[in-house]
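Here is what each chain is made of, one letter per residue.
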Amino acid sequence: MPRLSEVTAALDALWPPHRAESWDAVGTVVGDPGAEVRRVLFAVDPVHEIAEEAIRLGADLLVTHHPLYLRGTTTVSAATSKGRVVHDLIKHDIALHVAHTNADGADPGVSDALAGALGLRVLGPLVPDTTDPEGRRGLGRVCEPTRPLTLGALAEAAARALPATAQGIRLAGDPEAPVRKVVVSGGAGDSLFDAVRATGADAFLTADLRHHPASEATEHSPLGLIDAAHWATEWPWCEQAAAQLDEISDRHGWELRVHVSKTVTDPWSAHFDSTGAPN
């Protein structure tokens with residue numbers, strides 16, 4: 001069986017920590033480098049529900065996309081929600097490793113997984129990593145459909161392909177408008193509108209679109225917007241990452257058992273259609 005240090009070294013080779021944003025908190029949060037790893041669980045969020053799933057599974061390593069402590073802390077008291085996660089993981093000898101913005105811009109990265117889930121052909125990154133001579137790393141992905149597609153059909157495809165959430169899929173624009181080029185970005189994407197417009201894209205599929213940026217984007221151009229839940233747009237990365245670790249395990253003869261959590265950790269739990277009219 002490989003040691004935790006060997007597995008995390010392999011993960012860091014996939015998503016080098018130095019490529020994370022300066023404000024980010026990635027890498028190993030909990031774990032003994034010398035401990036053996038047999039079973040690994042991938043998930044988006046390191047919340048208590050996922051920690052409990054890792055315990056039930058008998059996992060030795062939990063790999064999440066979102067950090068546990070993004071802004072730092074002065075306590076890991078079990079009286080706090082995050083501290084409870086730390087206590088439960090240590091008590092059951094489960095390590096926690098995080099790949100966040102270093103996984104967003106990787107090749108393949110979070111947006112590649114999102115494009116793959118939607119059946120889109122990736123043309124290249126939206127915001128290229130200037131340190132990549134091959135021009136494959138970076139934020140977001142510029143894509144094209146593999147068949148004729150309308151904005152509404154793309155939204156319907158997202159509703160079918162992405163995990164179900166209370167939010168579902170929101171659309172801004174003409175559902176009948178043809179889509180020849182589409183940009184996807186897993187997670188919050190409304191800081192990328194200028195780059196998206198520069199590509200000449202017909203549609204932008206992302207998450208966490210706020211009122212003013214979305215309103216301004218639709219005023220500036222006929223760009224169609226598709227807004228999905230943050231968690232749902234990043235979950236496909238878990239399957240992609242698990243497959244990458246599976247391949248590494250096979251190559252090294254580690255015989256790891258790699259799992260992907262299907263637990264929905266999107267914070268929104270219900271959706272009600274609006275029925276009232278404005279006064």
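A. Main features of the layout of surface pockets. In this structure, the largest pocket occupies an estimated 650 Å³ of space. Taken together, 26 residues form the lining of the largest pocket, with Asp-45, His-66, His-230, Thr-265 and Pro-267 sitting closest to its centre. Listing elements by their share of the lining of the largest pocket, those giving two or more residues are helix 3 (81-91) and helix 9 (230-252). At 3 residues, the largest contribution of residues to the lining of the largest pocket is made by helix 3. Classifying every residue of the lining of the largest pocket gives 11 nonpolar, 8 polar and 7 charged. Approximately 330 Å³ is the volume found for the second largest pocket. Taken together, 19 residues form the lining of the second largest pocket, with Asp-104, Leu-139, Ser-185, Gly-186 and Ala-188 sitting closest to its centre. Looking at the lining of the second largest pocket, the elements that each hand over two or more residues are helix 4 (101-104), helix 5 (110-117), strand 6 (138-145), strand 8 (182-188) and helix 9. Among the elements that line the lining of the second largest pocket, the one with the most residues is strand 8, at 4 residues. Along the lines of polarity and charge, the residues of the lining of the second largest pocket split into 5 nonpolar, 10 polar and 4 charged.

B. Spotlight on the sheet that holds strand 9 (residues 203-207). As summarised here, the arrangement of the 6 strands in space is 5-6-8-9-10-7, forming an open sheet in which the pairing is mixed. The two strands at the open ends of the sheet, each matched to only one other strand, are strand 5 (120-128) and strand 7 (170-172). Each neighbouring strand pair of the sheet contributes to a mean axis angle of 25 degrees, computed without reference to strand direction. Direction of pairing for strand 7 relative to strand 10 (residues 224-228): antiparallel, over a ladder of 3 bridges.

C. Molecular detail of the packing of helix 5 against helix 9. As a packed pair, helix 5 and helix 9 sit with axes 7 Å apart at the nearest point and diverge in direction by 95 degrees. With respect to each other, helix 5 and helix 9 are oriented roughly perpendicular. Across the interface between the two elements, Val-110, Asp-112, Ala-113, Leu-114 and Ala-117 of helix 5 pack against Thr-233, Glu-234, Pro-236, Trp-237 and Gln-240 of helix 9. Of the residues that constitute the contact of helix 5 with helix 9, the class distribution is 6 nonpolar, 2 polar and 2 charged.

D. Just the environment of Thr-150, in detail. Positionally, Thr-150 belongs in the loop between strand 6 and helix 6 (151-161). By relative accessible area, which is 25% here, Thr-150 ends up partly exposed. Sequence-wise, Thr-150 and Thr-74 are 76 residues apart; in three dimensions their C-alpha atoms are separated by 50 Å. In this structure, Thr-150 is in contact with Pro-175, Glu-176, Ala-177, Pro-178 and Val-179, ignoring residues within four places of it in sequence.

Reading the values: rules and limits
- Residues numbered from 1 in each chain as written.
- Predicted model: local features only at pLDDT ≥ 70, side-chain atom pairs only at ≥ 80, totals over all residues.
- Heavy atoms only, no water.
- 1 Å grid on protein atoms, 1.4 Å probe; cavity = no way out; pocket = protein on both sides within 12 Å on 5 of 7 lines; lining within 4 Å.
- Points joined across faces, edges and corners; volume = space filled by probe spheres on them.
- Helix = DSSP H or I, 4+ residues; strand = E, 2+ residues; numbered from the N terminus.
- Nonpolar A, V, L, I, M, F, W, Y, C, P; charged D, E, K, R; others polar.
- Pairing = 2+ DSSP bridges.
- Axes fitted to C-alpha atoms, helices over the stretch in contact; angles between N-to-C directions.
- Parallel < 35°, antiparallel > 145°, perpendicular 65-115°, else oblique.
- Contact = heavy atoms within 4.5 Å.
- Buried < 20%, exposed > 50% of the residue type's maximum accessible area, 1.4 Å probe, protein only.

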